[in-house]
Amino acid sequence: MNSKSSRDEDAVLDALEAEAIWMIREAASAFQKPVILYSIGKDSTVLLRLAVKAFAPAPVPFPVLHIDTTWKFKEMIKFRDDTARTNNLDLVVHTNPDGRGDKITPFTHGADEYTRLMKTVALRAALDVGEYDVALGGARRDEERSRAKERMFSLREPGHAWDPSSQRPEFWHTVNSTLKPGQTMRAFPISNWTELDVWKYIRREKLDVVPLYFSKERPTIERNGQLIMIDDDRYPLEPGEEIVNRRIRFRTLGCYPLTAADTGEAASVDEIIDELTRSTTSERSGRLIDGKGASSMERKKHEGYF
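Residues numbered from 1 in each chain as written. Predicted model: local features only at pLDDT ≥ 70, side-chain atom pairs only at ≥ 80, totals over all residues. Heavy atoms only, no water.

Peer 1: Just to check I follow, could you spell out the overall build of the chain for this structure?
Peer 2: Within the chain one finds eight helices and nine strands. Computed over C-alpha atoms, the radius of gyration of the chain comes to 19 Å, within 12% of the 19 Å expected from 2.2 N^0.38 for 306 residues, which places it in the range of a compact globule. Overall size of the chain, expressed as C-alpha extent along the three principal axes, is 60 × 55 × 40 Å. Across the 306 residues in the chain, those meeting the buried criterion constitute 52%. (Helix = DSSP H or I, 4+ residues; strand = E, 2+ residues; numbered from the N terminus. Rg over C-alpha atoms; globule rule 2.2 N^0.38 Å. Buried < 20%, exposed > 50% of the residue type's maximum accessible area, 1.4 Å probe, protein only.)

Okay, structure coming up:
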């Protein structure tokens, strides 16, 4: 990268960083009980870095919430715990206790119902128990069409329901933070970032990410034209399926039975950035749950999903 390109890139990242830090500080000052939603992926990693910068040298002044479905990749959970220790975070982990007791899985209840119970219902319950009035998340508008409808400060009605048609106008940096009884707010400080921006920021800030983003030989099966990494012995194999080591990586991370691998060869942040500049596919093409129809994510968001 030549010096002019480097300066231009830094200027873009500086502007995005400043906007995000302003939002995080605004949430901290305008609301009574903020919380950061932490999904462990690259976007959450960037969001945490921004929160640390927003309040340095003081610690991040509010909790970090992770909804644990019990089906995340093992490397994600290790990274979560290491990150919490390194950054001295107040980490809150919540799992739907009824779902765990009923042994709900993507295989016994199907991907849609599993996601509703172990993600949406669990998130709503965790926010209610914590009495959080604003939840900051790492969602970006370029990820998916329904997320493009979000305001940076996005109102949620009682029960955490989202109605995109009733969102408040956002004039410059003036935030209407007034909440009626039962209402809460979601805030998305990296709304205006792209996938490429995220990786360029990770490179500039020298941030660690979950190693699953980097290409490596891993145990996989091929099912319905998708490569699934077998992360433990709970994944039921169908007749004729064979576990084969393949060189894979992930562009997006979630529950491992519902996250298809990518065959890209990128094994470093620089290589990921180079690969993305040539990519013509969506990063969420590997989220198998997103493939249930164009309104699937929007429907989940109406119900209170992240």
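Peer 1: Looking at this structure, how should I read the pattern of salt bridges?
Peer 2: Here the idea is simple: oppositely charged side chains can pair when their charged atoms come close. Summed over the entire model, instances satisfying the criterion amount to 26 salt bridges. The salt bridge partner of K53 is E205, with a shortest N-O separation of 3.1 Å. With K53 in helix 2 (residues 42-55) and E205 in helix 6 (residues 195-205), this pair connects stretches of sequence that are 152 residues apart. For K53, a relative accessible area of 29% gives the class partly exposed. What makes E205 buried here is its relative accessible area of 13%. Residue D81 is joined to R80 by a salt bridge in which the shortest nitrogen-to-oxygen separation is 2.9 Å. Take R80: its relative accessible area is 7%, and that puts it in the buried class. One salt-bridge network, in which partners are shared between bridges, spans D10, D14, E17, R49, K53, R204 and E205. (Salt bridge = Lys/Arg side-chain N within 4 Å of Asp/Glu carboxyl O.)

Peer 1: Help me understand helix 1 (residues 3-30) in this model?
Peer 2: Count 3.6 residues to each turn of an α-helix, and residues three or four apart come out pointing the same way. Taking 1.5 Å of rise per residue, 28 residues should cover 40 Å, and helix 1 covers 40 Å from first to last C-alpha, within 8% of that figure. Every buried residue of helix 1 is accounted for by E9, L13, L16, E17, E19, A20, I21, M23, I24 and A27. Elements in contact with the buried residues of helix 1: strand 1 (34-37), helix 2, strand 4 (134-136), strand 5 (153-156), strand 6 (184-187) and helix 6. (Expected span 1.5 Å × (residues − 1). Contact = heavy atoms within 4.5 Å.)

Peer 1: Is there a simple way to explain the side chain of D43 in this structure?
Peer 2: With respect to the secondary-structure elements, D43 resides in helix 2. Setting aside residues up to four positions removed in sequence, D43 forms contacts with G138, R140, E143, I190 and V198.

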